[in-house]
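In case you want the letters, here they are:
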Amino acid sequence: MEIADIQAIWSHIKALHPNTPAQRVPKLNALIAGSWCHELEGYSVEQVHKAVEAQAGKSRFWPDLAEIKALLPPLPDHLIRGGGKRQRADPWEERLRELWQECRRKRRELGLPTGLAEAKAAGMTAGELWDLYEKNGVDLPQGDPVLLELRS
């Protein structure tokens, strides 16, 4: 699916919803077009047009991407990214996840809140929480040599 395909799909949606006021029609920008390309990858423009038409028959309102996707047939496993299986994260993400888990473990050992929700429940602000983390040396890891090496 390409940006030009998304533009064609949006033109088709506009044709199916001619009475939608201009202020209710979302603006197609690069971010939205890229998101639609990613979400509709593996489908043909014709399949998406049929789903848009089916949605227009159900609702007079501009469709949401989730509504369109719900009307599309499931993709075969070989068309799903990674063959339908969770792909392994790259080493940088794995190291970052390890460091984050280590920080959370240390915070628990010290009896500190492990996140903002716990801090708010204890009557703390975000600033107070981060000050507490820095004071106890359990703020976000910076300058990790392995992480820096993997990123470069």
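Anyway, here's the lowdown on the structure attached to this text. No experiment lies behind these values; they were computed from the predicted model shown.

The secondary structure content of the protein amounts to eight helices and zero strands. Each helix and strand of the protein, ordered N terminal to C terminal, gives the series α-α-α-α-α-α-α-α. Across the 152 residues in the protein, those meeting the buried criterion constitute 25%. Counted over contacts in the protein with a minimum sequence separation of 6, partners at least 24 positions apart contribute 64%. Accessible surface for the protein amounts to roughly 10,500 Å². Of this, 53% is attributable to carbon and sulfur atoms.

Turning our eyes to something else, we now look at the pattern of salt bridges. Inspection of every chain in the model, using the stated rule, returns three salt bridges. The closest approach of N and O atoms between Lys69 and Glu39, which form a salt bridge, is 2.6 Å. Within this pair, whereas Lys69 is found in helix α4 (residues 65–70), its partner Glu39 is found in helix α2 (residues 30–39), the two being separated by 30 residues in sequence. On the basis of relative accessible area, Glu39 is assigned to the partly exposed category, the value being 33%.

Right, let's get into the nonpolar core. Counting 18 residues, the largest nonpolar core has Ile6, Ile9, Ile13, Trp36, Leu40, Val48 and Ile68 as its most contacted members. Counting residues per element, the ones that place at least two in this core are α1 (3–16), α2, α3 (45–58) and α4. Every residue in contact with Leu40, bar those within four places of it in the chain, is listed here: Met1, Ile6, Ile9, Val48, Leu65, Lys69 and Leu72. Counting six residues, the second largest nonpolar core, distinct from the first, contains Ala119, Leu129, Tyr133 and Val138.

Turning our attention to α3. Under the 1.5 Å per step criterion, the end-to-end length of α3 is 20 Å for 14 residues, consistent within 8% with the ideal 20 Å. Taken together, the buried positions of α3 are Val45, Val48, His49, Ala51, Val52 and Gln55. Projected down its long axis, α3 carries its buried residues within an arc of 165°, all on one side. Facing away from the buried side of α3 by over 90 degrees, the exposed positions are Glu46, Lys50, Gly57 and Lys58. Structurally, α3 contributes buried residues whose contacts are with α1 and α4.

Moving on to the packing of aromatic side chains. Aromatic ring pairs are defined here through the distance separating the ring centres and the angle between the ring planes. Within this structure, the stated rule accounts for three aromatic pairs. Through a chain of ring-to-ring contacts, the aromatic side chains of Trp10, Trp36 and Trp62 assemble into a single cluster. Its guanidinium or amino end placed over the ring of Tyr133, Arg107 lies 3.6 Å from that ring's centre, counting from NZ or CZ.

A few words now on α1. Between its first and last C-alpha atoms α1 spans 20 Å; for 14 residues at 1.5 Å apiece the expected length is 20 Å, and the two agree. Buried residues of α1: Ile6, Ile9, Trp10, His12 and Ile13, and no others. One side of α1 holds all its buried residues, which, seen down the axis, span an arc of 155°. More than 90 degrees from the buried face of α1, the exposed residues found are Ala4 and Ala15.

Rules used in this analysis
- Residues numbered from 1 in each chain as written.
- Predicted model: local features only at pLDDT ≥ 70, side-chain atom pairs only at ≥ 80, totals over all residues.
- Heavy atoms only, no water.
- Helix = DSSP H or I, 4+ residues; strand = E, 2+ residues; numbered from the N terminus.
- Buried < 20%, exposed > 50% of the residue type's maximum accessible area, 1.4 Å probe, protein only.
- Contact = heavy atoms within 4.5 Å.
- Areas by Shrake-Rupley, 256 points an atom, 1.4 Å probe, with all protein chains shown as cover.
- Salt bridge = Lys/Arg side-chain N within 4 Å of Asp/Glu carboxyl O.
- Core = buried A, V, L, I, M, F, W, Y, C linked by side-chain atoms within 4.5 Å.
- Expected span 1.5 Å × (residues − 1).
- Arc of directions from axis to C-beta.
- Phe/Tyr/Trp six-rings, centres within 6.5 Å; stacked < 30°, edge-to-face > 60°.
- Lys NZ or Arg CZ within 6 Å of the ring centre and 35° of its normal.

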